[in-house]
Amino acid sequence: MISPRIDRSTRVILQGISGRAGRLHSRLMREYGTNIVAGVSPPKDINEINGIPLFPDCASAVKATGATVSVALVGAYDLLEAMREAVAAGIKMIVTPTEGMPVHDALKAKRLTQQAGVLWIGGSTPGMAVAEVAKLGFLPDVSLKSGALGLMSKSGTLSYEAGFRLAQGGIGTSVWIGVGGDPVKGVRYSDLVPFYAQDKQTRGVLIIGEIGGRDEEDFADALKTHAFAKPVFALIAGRTAPEGVSMGHAGALTYGNHGGYASKRAALENAGVRVFSSLNEMAEKIADVF
Amino acid sequence: MYLLEHDAKQLLARHGIPSPQGCLLTAPDAGSQLPPGPWVVKAQITVGGRGKAGLIKKAVTANEVAETTAAIIGQQAKGRTVRAVRVEQQVQGAGEAYISMLLDPAAAGVRIIMAAQGGMEIEALPPNALHMVTVAPEAATLAAAAEKLAASFDGATGKALAEAGRAMADAFITTEALLIEINPLFVHNDGSWVAGDAKFVTDDSALPRQPEQHALLADSNGPYVETALKDTHGCDYVVVDPAGEIALLTTGAGLSMMLIDEMRAAGLKPYNFLDIRTGGLRGETRRLISVLQWMHQGPNVQVMLINVFAGITDLGEFARLLVSALRDVPEFKVPVVARLAGNGMETARTVLVEAGITLHNDLDAALAEVRGHLKGRK
């Protein structure tokens, strides 16, 4: 897996730049420091948006700019095709904030990116950021303060709130990765354990999880497998959510013994993770030990 | 969607997986539409452990069916109310096996699980009783893998698992399923089989291209009310406690879930979960108006708490839309407590103060004010 650590020299293209979200976020990302070198958009009368040159397809954008990273802001049903195009063009890391990608499309996208050695962050991800350096996606600037805490989250808003409170308490983040709220996602918490283990800026890791799936349990296993030596913290949403209903995120669905809170908390605690019950507790206790 | 067993079985039947004859009853019935008896009467509710909860009962006479139906309908389990039962012909003299197909998110494939014993939760079986394999999410590959896995079982069980596996492979891919589990799979001595129980979880994101699943949303007050609301209104709304006292106007799935957990831990009773998606309001009040109308239906709702953390959304615009929506739903008269943080906070404060709403920066302070509005509490 390639490193998710981006910097201001990382060349980024934006697929779907001419849409509403593409126009807004290309500007916000660029203002933050992200080196957006090209936008991909069906040919129209314009040849640039927010000062970013447009190309009709990924291949020509990559050829002209040497970009290695793509942020795809296209419709849920167009996402698989956009990812195929990006992978074929030689992109090495793709961030897909779009919500509502069909799960069977996500299975295909995951196989495609795995086989090509491409790092996929998403779907339904708020994005990722190296605080005070560059960001890909929607992470709000007020929550981003540079520091030593690695942060991974399924949820956008809960991580914004957590990052904001931590920043207010003086705790900043190193590399923040929104893994996203879909049941089948690209990179998962467990895949990123080796990265955070070797990342020099990172001195501890916080995961913001939620009910549904087995990502938190697999993360706990990976901590043990890799003998992860930095302190790990967790906050898990949905302890009191009703069974059998998706809670906003497609992945946040429990049925029977599947995906419940208790199993996640037990697995994490068993791997030495400090699991918090509230945002306040999280902000206070991390500030105490960090 | 986690489908009700009855819907799951009807959908599976269309994809070559038969079940015992059965019908859906929403009220006791003297027996005109019943299949041949004896019967089993099964509560239609999407929570596990129905048997242990007394929500699955056998019946020998049509009168017993009517009595059992009357007794089961209206019962509650894990916050959900039983609105219907499936009355099904009992299967006698058959063995019970297990088969399921489910997503394997780590391997980006579909996992097939088979066992010669069924009827209990698979967690209760010894691990070596479960035969499993994960393969690519493609119909022919899945069918071939299911047949191969079934070949490790003897006689009638092997024959039934192979046939059911082939049919399930096609159903799983065609319906874009997340999980299909048949437990028990009733197997007769000659290898013929039917699905005893069916658990079927479909992908809400695929609904626009799955018309037979989309049709299940036709009754907007039916069993899939949350999915129907999302389909129509573009936001996620779940009544988490029909007797709840605090309506929540919130955005973001994770933050909204966490707020509910924290409020409950503090002894408060939230009425609903909401991810309104402020980014999708697009300057219109329509979605906010609908949400306020739904909240008004909560019989015990005494106060509304707004909690929005705005990374990108402009809170000033949100506050204006909110005040306008509140004006358009005058019947919803409860006090409003707001906690906003992020972009455009100062404009939002001006707009809300003019409308008589106190704005808090701090969630704990907002919760303290919420508490003050609850009747009969300190």
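Residues numbered from 1 in each chain as written. Chains lettered and ligands numbered in written order. Predicted model: local features only at pLDDT ≥ 70, side-chain atom pairs only at ≥ 80, totals over all residues. Heavy atoms only, no water.

Chemist: What exactly am I supposed to notice about the overall build of chain B here?
Modeler: If you tally the helices and strands in chain B, you get eleven helices and 18 strands. By principal-axis analysis of the C-alpha atoms, chain B measures approximately 75 × 50 × 35 Å. A buried classification covers 56% of the 378 residues belonging to chain B. Across chain B, every contact between residues at least 6 apart in sequence was considered, and the portion connecting residues at least 24 apart equals 67%. Of the roughly 15,100 Å² of accessible surface on chain B, 51% is carried by carbon and sulfur atoms. Considering chain B, the positive charge centre built from 33 side chains and the negative charge centre built from 41 side chains are found 4 Å apart. (Helix = DSSP H or I, 4+ residues; strand = E, 2+ residues; numbered from the N terminus. Buried < 20%, exposed > 50% of the residue type's maximum accessible area, 1.4 Å probe, protein only. Contact = heavy atoms within 4.5 Å. Areas by Shrake-Rupley, 256 points an atom, 1.4 Å probe, with all protein chains shown as cover. Lys, Arg positive; Asp, Glu negative; His and termini not counted. Charge placed at Lys NZ, Arg CZ, Asp CG, Glu CD.)

Chemist: Looking at this structure, I do not really get the overall build of chain A. What am I missing?
Modeler: The secondary structure content of chain A amounts to nine helices and 14 strands. Computed over the C-alpha atoms, the radius of gyration of chain A is 18 Å, within 12% of the 19 Å expected from 2.2 N^0.38 for a compact globule of 290 residues. Split into buried and exposed, the 290 residues of chain A put 64% on the buried side. Residue pairs at least 24 apart in sequence account for 74% of intrachain contacts in chain A once pairs closer than 6 positions are excluded. (Rg over C-alpha atoms; globule rule 2.2 N^0.38 Å.)

Chemist: Help me understand the domain arrangement of chain A in this model?
Modeler: A common way to express how large an interface is: the accessible area buried when the components associate. All names here are of chain A. Partitioning chain A into structural domains gives domain 1 (12-121) and domain 2 (140-289). Put simply, the middle of domain 1 and the middle of domain 2, counted by C-alpha atoms, are 26 Å apart. The interface of domain 1 with domain 2 comprises nine residues on the first partner and eleven residues on the second. Carbon and sulfur atoms make up 64% of the surface buried where domain 1 meets domain 2, a total of about 890 Å² over both sides. Considering only the surface of domain 1 that becomes buried against domain 2, Tyr32, Lys110 and Ile121 emerge as the three largest contributors, covering 50% of it. At the surface where domain 1 touches domain 2, the tally comes to zero salt bridges. There are three residue pairs in polar contact (both at pLDDT 80 or more) connecting domain 1 and domain 2. Going through the elements one at a time, helix H4 (103-116) and strand S7 (119-122) are the ones with two or more residues in the side of domain 1 that touches domain 2. (Domains from an automatic or database assignment. Buried area = accessible area lost by both parts, 1.4 Å probe. Salt bridge = Lys/Arg side-chain N within 4 Å of Asp/Glu carboxyl O. Polar contact = N/O pair within 3.5 Å; in protein donor to acceptor, adjacent residues only side chain to side chain.)

Chemist: What am I meant to see in the sheet that holds strand S6 (residues 93-96) of chain A here?
Modeler: By definition, the strands of a sheet pair up through backbone hydrogen bonds, in either a parallel or an antiparallel sense. All names here are of chain A. Pairing is mixed across the open sheet formed by seven strands, whose spatial order is S3-S4-S2-S1-S5-S6-S7. The open sheet has two edge strands, strand S3 (48-49) and S7, and neither has a second partner. Relative to S7, S6 runs parallel, the two being bridged by four bridges. Paired with Ile94 across the two strands is Trp120, which belongs to S7. Here helix H3 (residues 79-88) sits on the sheet in contact with strand S1 (12-15), strand S2 (36-40), strand S5 (69-72), S6 and S7, set at roughly 160° to S6. (Pairing = 2+ DSSP bridges. Axes fitted to C-alpha atoms, helices over the stretch in contact; angles between N-to-C directions.)

Chemist: Help me understand the interface of chain B and chain A in this model?
Modeler: Contact residues are listed per partner, giving 58 residues for chain B and 55 residues for chain A. Buried area between chain B and chain A, both sides added, is near 4,600 Å², and the carbon and sulfur share of it is 60%. A per-residue breakdown of the area chain B buries against chain A is headed by Met257, Phe309 and Ile312 of chain B, which together make up 14% of the total. Between the two partners, chain B and chain A, sit three salt bridges. The partner of Arg277 of chain B in a salt bridge is Glu99 of chain A, with the nearest N and O atoms 2.5 Å apart.

Chemist: Before we go on, may I ask you to explain the pattern of salt bridges in this structure?
Modeler: For side chains bearing opposite charge, pairing can occur when the charged atoms are close. Residues and elements named next belong to chain B. One pass over the full model with this rule turns up 36 salt bridges over all chains. Here Glu88 makes a salt bridge to Arg86, at a shortest N to O gap of 2.5 Å. Given the relative accessible area of 2%, Glu88 is considered buried. Arg86 gets classed as buried once you look at its relative accessible area, which sits at 4%. The salt bridge partner of Arg277 is Asp236, with a shortest N-O separation of 2.5 Å. Residue Arg277 is located in the loop between strand S15 (272-275) and helix H8 (286-296), and its partner Asp236 is located in strand S13 (residues 236-239); the two are separated by 41 residues in the primary sequence. Like Arg277, the residue Asp236 is buried in the burial classification.

Chemist: Even after reading the chapter, I still don't get the pairing of strand S10 (residues 177-187) of chain B, so can you show me in this structure?
Modeler: For a regular strand, side chains alternate in direction, first toward one face of the sheet and then toward the other. Residues and elements named next belong to chain B. The buried fraction of S10 amounts to eleven of the eleven residues, a majority that puts the element mostly inside the structure. Where strand S7 (residues 95-104) and S10 come together, seven bridges link them in antiparallel fashion. Directly across from Ile99, in S10, lies its bridge partner Ile182. Pairing geometry for S10 and strand S11 (residues 193-195), over three bridges, is antiparallel. Across the sheet, Leu185 pairs through a bridge with Ala195, a residue of S11. Hairpin remark: S10 followed by S11, antiparallel, with five residues in the connecting loop; positive phi at Gly191, about 90°.

Chemist: Hey, could you run me through the side chain of Ser70 of chain A in this one?
Modeler: Residues and elements named next belong to chain A. Within the element layout of this structure, Ser70 appears in strand S5. At 2.7 Å, the side chain of Ser70 forms a polar contact with the side chain of Gln15. When near neighbours in sequence (up to four residues on either side) are disregarded, Ser70 contacts Ile13, Gln15, Ile91, Met93, Ile94 and Val95.

Chemist: I tried to follow the domain arrangement of chain B on my own but got confused; where do I start?
Modeler: Domain boundaries assigned for chain B yield domain 1 (21-89), domain 2 (95-208) and domain 3 (234-376). The straight-line distance from the C-alpha centre of domain 2 of chain B to that of domain 3 of chain B is 44 Å.

Chemist: Please explain the packing of aromatic side chains as it appears in this structure.
Modeler: Between two aromatic rings, the relevant description is the distance of the centres plus the angle of the planes. The final tally for this structure, using the stated rule, is seven aromatic pairs over all chains. Between Tyr189 of chain A and Phe219 of chain A the ring centres are 5.9 Å apart and the planes differ by 65°, which places this aromatic pair in the edge-to-face class. Of this pair, Tyr189 of chain A sits in the loop between strand S11 (173-178) and helix H6 (193-198) while Phe219 of chain A is found in helix H7 (residues 215-225), placing the two residues 30 residues apart along the sequence. Residue Tyr189 of chain A is classed as buried on the basis of its relative accessible area, which comes to 0%. Joined through ring pairs, the aromatic side chains of Tyr160 and Phe164 of chain A together with Phe309 of chain B make up one cluster. (Phe/Tyr/Trp six-rings, centres within 6.5 Å; stacked < 30°, edge-to-face > 60°.)

Chemist: Honestly, H8 of chain B in this entry has me stumped. Any pointers?
Modeler: Residues spaced three or four apart along an α-helix point in a common direction, a consequence of the helix completing one turn every 3.6 residues. Most of H8 of chain B sits inside the fold, with eight of its eleven residues counted as buried. Of all the positions in H8 of chain B, only Arg287, Leu288, Ile289, Ser290, Val291, Leu292, Trp294 and Met295 of chain B are classed as buried.

Chemist: I'm lost on the pairing of strand S2 (residues 39-43) of chain B in this one. Help?
Modeler: All names here are of chain B. Of all five residues that make up S2, five are buried, and the element is covered over most of its length. Bridge analysis of S2 against strand S3 (residues 56-59) gives four bridges, and the strand direction is antiparallel. The partner of Lys42 across the bridge, within S3, is Ile56. Sheet analysis places S2 next to strand S6 (residues 85-89), joined by five bridges and oriented antiparallel. Within S6, the residue paired with Ala43 across the bridge is Val85.

Chemist: Could you clarify how one ought to interpret the environment of Asp57 of chain A in this entry?
Modeler: Residue and element names in this part refer to chain A. As for its placement among the helices and strands, Asp57 is situated in the loop between strand S4 (52-55) and helix H2 (58-65). The spatial distance from the C-alpha of Asp57 to the C-alpha of Glu85 is 7.9 Å, given a sequence separation of 28 residues. Residues within four places of Asp57 in sequence aside, it is in contact with Val40 and Glu85.

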